[in-house]
Amino acid sequence: MANDVYKPTNNKQSIDSLKTSGFERRMSIAKTSLNIGRRWAGNSVSGMFLGKEARSARNQVFMEAQANYVAEELGKLKGSVVKIGQMLALYGEHILPPEITRALQTLNDDTATLAWPGIEQTLRRTLGEKFNELDIDQVPIGTASLAQVHRATIKATGEEVVLKIQYPGVADAIDSDLALFKRLLKVSNAVPQTRALDTWFEEIRDLLHVEVDYNIEAATTERFYGRLQDDPRYAVPKIYRDFSSQRLLCMSYESGVPVTSARLKELSAERRNAIGQAAIEIMMQEIFVWGEMQTDPNFGNYLVRISDSMDEPDKLVLLDFGAIRQFDYELLTIAHGLLKAGYYHDHQAMMNAMTGYEFFDTMSQKVSSDIANIFLLATEPFSDTASNPDIPTKVLDDNQRYIWSNSKLHSRISAAATTAMQSFEFNLPPKEFMFISRKFIGAYTFLTVLDAHTDSDKLVKPFLQHENKPNF
C-alpha cells in the first residue's frame, strides 16, 4: 500500500491528564463564565458615551471576541464539551447567532494529545494481559474530542491495526458537560434560552451516549463492512473484537490520502468522477436502502486509497461509524417522494410529497410553495436534465453530468432559504431533515473539492421504482 496516510503533527501540545472530574470541569467553566461577565461589564461601561452606530459596531466586534474566547476555552477541556460545540456548529445555525456558530466551527479534533503514560494506563486497565499481545506506537496518528488513535501491530500475526482509545471519564461527564455548556451559553448573553435549544441539547445527549459506546460502533462498522465488502469502490475497517470493548475500538489499519490531498487533484477527470459518484452513491444507499446514515460530514471520516493498478478502482475509505443516525420508515418514504419529485423537477409533486410531518402539514399554501422551490433547487444535482429547464448550462458537461464545483449550489440554497425563513410562519425544521441536509452539504463540499462530475440517472433511477423501499 503505497498511498500516503495521515501523519501526526510534531508540534501538537501534549498534556499529561484531562480535566475529567465534574469538579475540575465546573471550576474551568466557572472561571470562563467569570471572565465573560467581567468583559461584558467592561464593554458596557466603555461604550456608554458612544453613538448608536458606533456602539452597534463595537458590540459586533465584542460579540465575535466573546464567541471566540468561549470556543478557545472549551477546546482546552476536550471530551464531550468539544463534541457538543461541534454538533451545535453543524446543526444549530437556525437557533444560534452567527457569531457563536462561526466560533464553534473553529472547534476541531486537531487538539492537544494526551501523553502516552495516560494512554498506556487506560489501555492496560482495559486490555489486561492482551496489552502485551500488541506492539503499540506511542505517537498518536489522530486526536478527536472523545478519543485518541494509535497504530499498533498484532505481534502473533503481524496485522496492522489502529486503536481508538476513549479518553478516560468522558462518557461519565456527558450529562454534566451538557449542563455546563448550556450555562456558559446563558452567561454569554448571546443565545436565547428557547425550547428549540433545549430540544437540540436533548438530541445531542442521546447521540453522544450512543457515540461513546464502542460496542454499538463496532456492530455498525461490521454491518457496513458486510454490505460493502464485495464492492471494490469502498473499504471499511475490519473490527477485532478480541481487542475491543465499550471504551476501546480495535480495527484494521486502512491507508489512504485525505480528501483535500493534492494527489487527488492530479488524477484524471474520469477517476475523480468515479470517486465522486461512489461518494454520493453511498449516501443514497444509506438513506434509501439501509435506513441509517453517517451524519457527520467531517472530511476526517474519509480517505481515498489511490489504486496502483489499472485493474482496480480507487477506493473510498469509510473510517468512522460512531455518529450513525437511524431513520424511521415514514421519514424515508417522505424522502423518497421528495427525491422522485426532484428528479422530475415537478413542483406540484414536491408539494404533494411534503406531508406527514407537522413542519410541512401546518404550512400555508404560499410557504409550502416556497419550501418546495427550495427542495427543487436542493435536488438539482439529482434531477433529470431533460426535465429541469432551470439547471444553469455551466453546471453540465458535454455528457450532461453535473459539475459540482461550478454550481454554487450551497450559496444559492442559503439565499433561497433566507427568503423563506423571513415568513412568520416558518418553524424550525425537523431535526431529522437537518441531519440529512447536513449530509448533503458535506457531500456537496466533498464533490466540489474533488471537482467531480456525477450522472443523475445512475444516482437516482435505481430508487425511483416503488418496489425499491428501504430494506431494514
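It should be emphasised that the depicted structure is a prediction, and the values quoted were computed from it without experimental measurement. (Residues numbered from 1 in each chain as written. Predicted model: local features only at pLDDT ≥ 70, side-chain atom pairs only at ≥ 80, totals over all residues. Heavy atoms only, no water.)

1. Notes on the pattern of salt bridges
Any two side chains of opposite charge can pair, given that their charged atoms come close. Evaluated as defined, the whole model comprises 20 salt bridges. Residues Glu-160 and Arg-151 are paired through a salt bridge, measuring 2.2 Å at the closest nitrogen-oxygen approach. The residue Arg-233 makes a salt bridge to Glu-281 at a minimum N-O spacing of 3.0 Å. Of the two residues, Arg-233 is situated in the loop between helix 8 (214–228) and strand 7 (234–235) and Glu-281 in helix 10 (residues 269–290); the sequence distance between them amounts to 48 residues. Residue class for Arg-233 comes out partly exposed when judged on its relative accessible area of 24%. (Salt bridge = Lys/Arg side-chain N within 4 Å of Asp/Glu carboxyl O. Helix = DSSP H or I, 4+ residues; strand = E, 2+ residues; numbered from the N terminus. Buried < 20%, exposed > 50% of the residue type's maximum accessible area, 1.4 Å probe, protein only.)

2. Some details on the sheet that holds strand 7
Spatially, three strands are ordered 7-11-10 in an open sheet, and the strand pairing comes out mixed. This sheet does not close on itself; its edge strands, each paired only once, are strand 7 and strand 10 (302–305). Relative to strand 11 (residues 315–318), strand 10 runs antiparallel, the two sharing four bridges. The residue bridging Arg-305 from the neighbouring strand is Lys-315, located in strand 11. (Pairing = 2+ DSSP bridges.)

3. Here we look at the side chain of Glu-286
Following the sequence through the fold, Glu-286 ends up in helix 10. Apart from residues no more than four positions distant in its own chain, Glu-286 is found in contact with Phe-224, Gly-291, Glu-292, Met-293, Gln-294 and Lys-439. (Contact = heavy atoms within 4.5 Å.)

4. A few points about the packing of aromatic side chains
This model, assessed by the stated rule, comprises 10 aromatic pairs. With 5.7 Å between their ring centres and 40° between their planes, Phe-288 and Phe-463 make a pair best called tilted. Note that Phe-288 is positioned in helix 10 and Phe-463 in the segment after helix 18 (456–460), a separation of 175 residues in sequence. Grouping residues by exposure puts Phe-288 and Phe-463 together as buried. (Phe/Tyr/Trp six-rings, centres within 6.5 Å; stacked < 30°, edge-to-face > 60°.)

5. Overview of unusual backbone geometry
Residue Gln-400 is not a glycine yet carries a positive backbone phi of 65°. For Gln-400, the position within the fold is in the loop between helix 14 (365–378) and strand 13 (402–403). Positive phi, close to 55°, is recorded for Asp-451, a residue that is not glycine. Assignment of secondary structure puts Asp-451 in the loop between helix 17 (431–450) and strand 14 (453–454). On the basis of relative accessibility, which here comes to 32%, the residue Asp-451 falls in the partly exposed class.

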